[in-house]
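Chain by chain, the residues:
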Protein chains: 2
Amino acid sequence: MSIILTMSELEKFPKTRADLVVMLRNAGITPTHQRIKIGEVLFSREQHLSAEQVLAAVNQEDDEVSKATVYNTLGVFAEHGLLREVIVDPSKVFYDSNVSKHHHLFYSDTGELEDIADENIEVSKLPNLPSDLQIEEVDVIIRVHRN
Amino acid sequence: MSIILTMSELEKFPKTRADLVVMLRNAGITPTHQRIKIGEVLFSREQHLSAEQVLAAVNQEDDEVSKATVYNTLGVFAEHGLLREVIVDPSKVFYDSNVSKHHHLFYSDTGELEDIADENIEVSKLPNLPSDLQIEEVDVIIRVHRN
DNA sequence: ACATAAATTAGACAAAGTCTATTTTAGGAC
DNA sequence: GTCCTAAAATAGACTTTGTCTAATTTATGT
């Protein structure tokens, strides 16, 4: 029983293409062929993918989606709360299909990224911030390497 | 009396060039002209600078230090504990001349970065990690925007 | 002063991501 | 189904951050 969340049973992902279309519409996103294809890749399970990985996955069989569209779509999905951007690797952004509250474990030697369930980290004190500041997110990142 | 640390009175920075040379030697870094110049920029006070900013600052008068050397030197300083790499902005790495324990406040709208004193954040629970993992750092980043 | 390993350099290169101008598509009205 | 229009997608040029290479220069011990 690992303390680290590897694959969740907590989050429900769309099971069918129709589910995915509903999910996009509910989020206020027009479901296009490309967005559906990208959604199928991302929302199949909890995972962390870079834009390059999504681009490759989506075009495995034949070229279906352009680079610009992948970048645009990831941005749109993130804006609408379907994805979370994770900034831990200086060379690329990860997109996390798990949008429930949780934190991250980053292996700086290999570049791997894992989720840490929210209940395994407790931030018990935060600074008082000026009232004109809106908190978007409190990220806790544990940077580790194997030894 | 802001809760956020803006400029520390806790950390001592080298006051003279000779101080800086000693600081580099103590860290096991050969003090070259370029490293001293870069050190003078960075260790004048607590600040967060990107490589580009360091490059510009160092070459304000005349071209003294190449791009490759700036990148190399920032890496060397970070490896030897004189700087802390802060990965919060997807487009660039910040180098923090404050290496004492503290956390960060990131303004995602403007790209500004501020320190939060360690005593203003408390992480009271961490996951049990496999014993072959070495923790390098636990980063807490509060992402905010003005409203 | 000499030797040599370490450091610096210019500039080519690479990778991630953005932008632009054009074409295509989703979806509402008929 | 056809027409319309705004939204979305596209190719590819471009930008920015950062890395690499092969040659030169410098720090420092003898």
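Position labels on residues start from 1 in each chain and follow its written sequence. To label them, take the chains in the order written and letter them from A, then take the ligands in the order written and number them from 1. Where local features are concerned, this predicted model is filtered to residues with pLDDT of at least 70; where side-chain atom pairs are given and counted, the filter is 80 or more; whole-chain, interface and lining totals use all residues. Just so you know, side-chain values use all the structure's heavy atoms and leave hydrogens and water out.

Enquirer: Explain the side chain of Asp96 of chain A to me, please; I cannot follow it from the model alone.
Expert: All names here are of chain A. Relative to the assigned elements, Asp96 resides in strand β4 (residues 92-96). Buried and unpaired, Asp96 has no salt bridge, with Arg84 as the nearest side chain of opposite charge at 5.5 Å. Pairs of N or O atoms within 3.5 Å make up the polar contacts considered here, provided that, within protein, one atom can donate a hydrogen while the other can accept it, and that residues adjacent in sequence are counted only when both atoms are side-chain atoms. Polar side-chain contacts of Asp96 include one of 2.9 Å to the side chain of His104. Contact partners of Asp96, with chain neighbours within four places excluded, come to Gln47, His48, Leu83, Arg84, Val86, His102, His104 and Asp115. Each helix corresponds to a stretch of at least 4 residues labelled H or I by DSSP, and each strand to a stretch of at least 2 residues labelled E; elements are numbered beginning at the N terminus. Partly exposed residues are those whose accessible area sits between 20% and 50% of the maximum for their type, while under 20% is buried and over 50% is exposed, using a 1.4 Å probe and protein chains only. The convention is simple: Lys and Arg are positive, Asp and Glu are negative, and His and the chain ends are not counted. Here a salt bridge means any side-chain nitrogen of Lys or Arg lying within 4 Å of a carboxyl oxygen belonging to Asp or Glu. Whether two residues are in contact is decided by their heavy atoms: any pair within 4.5 Å suffices.

Enquirer: Teacher, can you tell me more about the domain arrangement of chain A here?
Expert: Accessible area lost upon the coming together of the parts is a frequently used measure of interface size. All names here are of chain A. Each domain span listed reflects an automatic or database assignment of domains. Each assigned domain of chain A is listed here: domain 1 (7-94) and domain 2 (100-144). The gap between the C-alpha centroids of domain 1 and domain 2 is 22 Å. Carbon and sulfur atoms make up 50% of the area that domain 1 and domain 2 hide from each other, which totals about 920 Å². Computed with a 1.4 Å rolling probe, the buried area is the accessible surface lost when two parts are put together, summed over both parts. The largest per-residue losses of area from domain 1 upon contact with domain 2 belong to His48, Arg84 and Val88, which jointly make up 64% of the total buried on that side. One can count 2 salt bridges joining domain 1 with domain 2. Notably, a salt bridge pairs Arg84 with Asp139, separated by 3.1 Å at the nearest N-O pair.

Enquirer: So what exactly am I meant to see when it comes to the pairing of strand β4 (residues 92-96) of chain B here?
Expert: For a regular strand, side-chain orientation follows a simple rule: the groups alternate between the two sheet faces. Residues and elements named next belong to chain B. Extensive coverage of β4 is indicated by the burial of 4 of its 5 residues. Strands are treated as partners if at least two bridges between them are detected by DSSP. Bridge analysis of strand β2 (residues 48-50) against β4 gives 3 bridges, and the strand direction is antiparallel. Counterpart to Leu49 in the pairing with β4 is Tyr95. Adjacent in sequence and paired antiparallel, strand β3 (residues 84-89) and β4 are bridged by 2 residues.

Enquirer: Quick question: what am I supposed to make of the packing of helix α2 (residues 33-42) of chain B against helix α4 (residues 67-79) of chain B here?
Expert: For any two helices packed against each other, one specifies the crossing angle of their axes together with the interaxial distance. Residue and element names in this part refer to chain B. Between α2 and α4, whose axes approach to 10 Å, the crossing angle comes to 70°. Between α2 and α4, the crossing angle belongs to the class labelled roughly perpendicular. For the crossing formed where α2 meets α4, the hand is right-handed. Here Gln34, Arg35, Ile38, Gly39 and Leu42 of α2 lie close against α4, whose contacting residues are Thr69, Val70, Thr73, Leu74, Val76 and Phe77. Taken together, the residues of the contact of α2 with α4 sort by class into 6 nonpolar, 4 polar and 1 charged. Structural elements are reduced to axes, namely lines fitted to C-alpha atoms, with helices fitted over the stretch in contact, and the angle between N-to-C directions of any two is expressed from 0 to 180 degrees. These descriptions rest on fixed angle ranges, namely under 35 degrees for roughly parallel, over 145 for roughly antiparallel, 65 to 115 for roughly perpendicular, and the rest for oblique. Handedness of a helix crossing follows the sense of rotation of the near helix relative to the far helix, less than a right angle counterclockwise being left-handed and clockwise being right-handed. The nonpolar class holds Ala, Val, Leu, Ile, Met, Phe, Trp, Tyr, Cys and Pro. Asp, Glu, Lys and Arg form the charged class, and all remaining residues, Gly among them, are polar.

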